[in-house]
Every structure is written in structure tokens, then in C-alpha cells.
Amino acid sequence: MADTKQAERRAAKLAKEIKAFAGKHGGAEGQLAHIGQAGTRIVLVGEDGGWGDLVAPTYAIAQAAAEKADLTLHEEFDGEFAAKVVTGPYEWTRMAGIQLGGPANR
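Note that the coordinates shown come from a computational prediction; the quantities given were computed from them, not determined experimentally.

Engineer: What's the story with the environment of Arg10 in this structure? I'm lost.
Structural biologist: Its place among the elements puts Arg10 in helix α1 (residues 2-24). Take Arg10: its relative accessible area is 28%, and that puts it in the partly exposed class. Once residues within four sequence positions are removed from consideration, Arg10 is found in contact with Glu17, Val55, Pro57 and Ile61.

Now the structure itself:
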């Protein structure tokens, strides 16, 4: 019983964070990605192209949070969904730095 209540509280807290993100970005869509023992990542993409993520301890909690927040979920982070993400110089520098030994992000 305590585990169920704890899961419900965690899902409610995540739903509140999802709604806050959506409010700042003109709405949001998402995708759930299993990340092993760490849980499930809730990837968020705002209508303005802003993006972020949250981590839930289980897939069930992530799914419950998304439902409570009325988040539209995508099965995959495919090309069409990924194309909604807006990246800037920070992200490109970081990606190049990680992948190609480029300049460090400061």
C-alpha cells in the first residue's frame, strides 16, 4: 500500500514538472525511454523547440505522470519528432566537443 501511494506521489510530482515545462514552452510532446536500472527518461519537446528531460524510477510511473499531465507521447524519437527540437551554438559545440575532440564547453 505504501509503495502505491509513493508511486502516485512521484507521478503527481513529475506531472506537475511536465505541466510547468509545457507552460513555459507553449505546450509539449514527449517520449518515454527506458534507461536501465536508473528508470525511464521522459524526453520533453516544447512547441517552441525547447527541450528537456525528467527521470522516473519506473516506466509505470513515467507513463502515469505523462497521462496526468495530458502529455502527447511518441513511440519513438524519430526524425519528425526530433526535427521539432531547436538547438543552438551551445548544443553544437557540446556535441562536437564530445564526438570530435572539439573545444570544451565553458
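Engineer: Would you take a moment to explain the sheet that holds strand β3 (residues 51-56) for this structure?
Structural biologist: What links the strands of a sheet is backbone hydrogen bonding, and the strands pair in either a parallel or an antiparallel sense. Taken together, 4 strands build an open sheet; the order of strands is β3-β2-β1-β4 and the sheet is mixed. Edge positions in the sheet fall to β3 and β4 (72-74), since each of these pairs with one other strand and no more. This sheet shows a mean twist of 30 degrees between the axes of neighbouring strands, independent of strand direction. In terms of strand pairing, strand β1 (residues 28-34) meets strand β2 (residues 40-46) through 7 bridges, oriented antiparallel. Note on β2: the bridge partner recorded for Ala33 is Arg41.

Thresholds, definitions, all that
- Residues numbered from 1 in each chain as written.
- Predicted model: local features only at pLDDT ≥ 70, side-chain atom pairs only at ≥ 80, totals over all residues.
- Heavy atoms only, no water.
- Helix = DSSP H or I, 4+ residues; strand = E, 2+ residues; numbered from the N terminus.
- Buried < 20%, exposed > 50% of the residue type's maximum accessible area, 1.4 Å probe, protein only.
- Contact = heavy atoms within 4.5 Å.
- Pairing = 2+ DSSP bridges.
- Axes fitted to C-alpha atoms, helices over the stretch in contact; angles between N-to-C directions.

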